[in-house]
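A look at the structure
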Amino acid sequence: MSEHMLRALNLAKQGEGAVSPNPMVGCVLVKDGQIVGEGYHQVYGGPHAEINALKAAGKNAEGATVYVTLEPCCHVGHTGPCTAALIAANVAGVVVAMRDPNPLVAGNGIELLRKAGIHVVEGEYEEEARFLNEKYLTRVEKKRPWVIAKWAMTLDGKIASRTGSSQWISSDASRLRTHQLREQADAILVGSGTVFKDDPCLTVRLPGKTMRRHPLRIILNSSASIPLESRLVQTAKEFPLLIGIDAAAPLSNVKQLKDAGCEILVLPERLQISCSHNGERRRPDLRSQEHGDMSEREKHQKEYEEVQKSTERLKFLFAELARRGITNLLVEGGGTLLGSLFDAKFMDEVHVFIAPKFIGGKGAVSPMMGLGIAVMRDSLNLNAPTVEMIGPDIYVHGKLGAS
């Protein structure tokens, strides 16, 4: 394995948060055992990693071996094709960590290089390259964004009191970290309950920092009844706001929101899509109710159907977001929406801020509602979670996986 590919992978990481919806890519040019040029994709719409590395190498690019973390592109987007630039520079060989699953590339870049007489080696540090761009790969391969769930809760597991009071559970330091998470996101999603209860703005506010772009704000509000005086609607002409509604939403409500600068997306009432994750159909485990009466069985069947309906609508929404190039989706609640994501197995990453406070009460709100699991062996775990102290709060974050 080459130390040069490791260098390219480390370079690629420097583009995190700035290149989405493009992947992070690093490139190193080596000649006579020495690095003669290197670069990475620095900003969306800017030169790709190969172009930056070729520019740094200058005339030394001729006869060099190129180490690149992702297959060079062969189509015209915001920039020209990197394959053409590599061929024109007369490089001797290209080592590619992994192929680009983007249908516009998908092996065609490698084929063009080989047809030009350039020796191509594939698969060096492929696992590391896939890990680096797992969010991009989720969008391209699964047709949905990488979903990051975030919430703040008390030590007894509540996100609001029985009256709906929730401001503020977490500390100022934790809320600053939330804005840093928003900065990395392409879009932020919340349910309408959060809008009515908290009147959030969902913008990125970091001290002393001017944002290059703000994430798309997305609200699920079936009746299109979000108040026109809400901070979200009031700022819709400045910061993009997408509202997912039902087809039956009152036309007068829809018109008012459109006039205020909101974009409207009509979500289907019902789709013929199975409630599944990675192709596996999941039905509720009713073994614990097998001796119960029929009404109990009917209750659980109805709950399952609601999960299926919610999953289908989320799948439709996520496919639309992926089509728009949304790679990182931050979901900030509330409990109903987070529960739907959990039931549908659409959570990829979780960030939880736990405040050393207690609310109590069976009517207090939990972070994830929905159906939930029936038996403990079906639970999801955080893989290698990170635990930090932020001010007085405990901050736990990591990626979700099966138990």
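Look up a bit, the structure's there.
Residues numbered from 1 in each chain as written. Predicted model: local features only at pLDDT ≥ 70, side-chain atom pairs only at ≥ 80, totals over all residues. Heavy atoms only, no water.

**Considerations on the sheet that holds strand 3 (residues 65-68)**
Strand order in this open sheet of 5 strands is 2-1-3-4-5, and the pairing throughout is mixed. Each edge of the open sheet is held by one strand with a lone partner, namely strand 2 (34-40) and strand 5 (119-122). Put simply, the sheet's adjacent strands are angled 15° from each other on average, direction ignored. Here 6 bridges tie strand 1 (residues 26-31) to strand 2, and the two strands are oriented antiparallel to one another. Note on strand 2: the bridge partner recorded for Val 28 is Glu 38. (Pairing = 2+ DSSP bridges. Helix = DSSP H or I, 4+ residues; strand = E, 2+ residues; numbered from the N terminus. Axes fitted to C-alpha atoms, helices over the stretch in contact; angles between N-to-C directions.)

**Some points on helix 2 (residues 49-57)**
Those residues of helix 2 that fall on the buried side of the exposure criterion are Ala 49, Glu 50, Asn 52, Ala 53, Leu 54 and Ala 57. A positive backbone phi angle near 60° is found at Gly 58, which sits one or two residues after helix 2. (Buried < 20%, exposed > 50% of the residue type's maximum accessible area, 1.4 Å probe, protein only.)

**Comments concerning the environment of Pro 47**
Mapped onto the fold, Pro 47 is located in the loop between strand 2 and helix 2. Residue Pro 47 is classed as partly exposed on the basis of its relative accessible area, which comes to 40%. Considered as a pair, Pro 47 and Ala 106 are 59 residues apart in the sequence and their alpha carbons are 20 Å apart. Those residues in contact with Pro 47 that lie beyond four places of it in its chain are His 41, Gln 42, Asn 52 and Thr 79. (Contact = heavy atoms within 4.5 Å.)

**A look at helix 12 (residues 335-343)**
Burial analysis of helix 12 places 8 of its 9 residues in the buried class, which makes it a mostly covered element. All buried positions along helix 12 are accounted for by Gly 335, Leu 337, Leu 338, Gly 339, Ser 340, Leu 341, Phe 342 and Asp 343. At the C-terminal side of helix 12, Lys 345 shows a positive phi close to 60°.

**Quick notes on the pattern of salt bridges**
A full pass over the atoms with the stated rule returns 15 salt bridges. Of the charged contacts, one joins Glu 122 and Arg 99 as a salt bridge, the two residues approaching to 2.7 Å between their closest N and O atoms. Residue Glu 122 is found in strand 5, and its partner Arg 99 is found in the loop between strand 4 (93-96) and helix 4 (108-115); the two are separated by 23 residues along the sequence. Relative accessible area serves as the criterion here: at 39%, Arg 99 is assigned to the partly exposed category. Between Glu 122 and Arg 114 there is a salt bridge, and its shortest N-O distance comes to 3.4 Å. A relative accessible area of 33% means that Glu 122 is categorised as partly exposed. Through salt bridges with shared partners, a single network forms among Glu 263, Glu 320, Arg 323 and Arg 324. (Salt bridge = Lys/Arg side-chain N within 4 Å of Asp/Glu carboxyl O.)

Nothing here speaks to function; it is all geometry.
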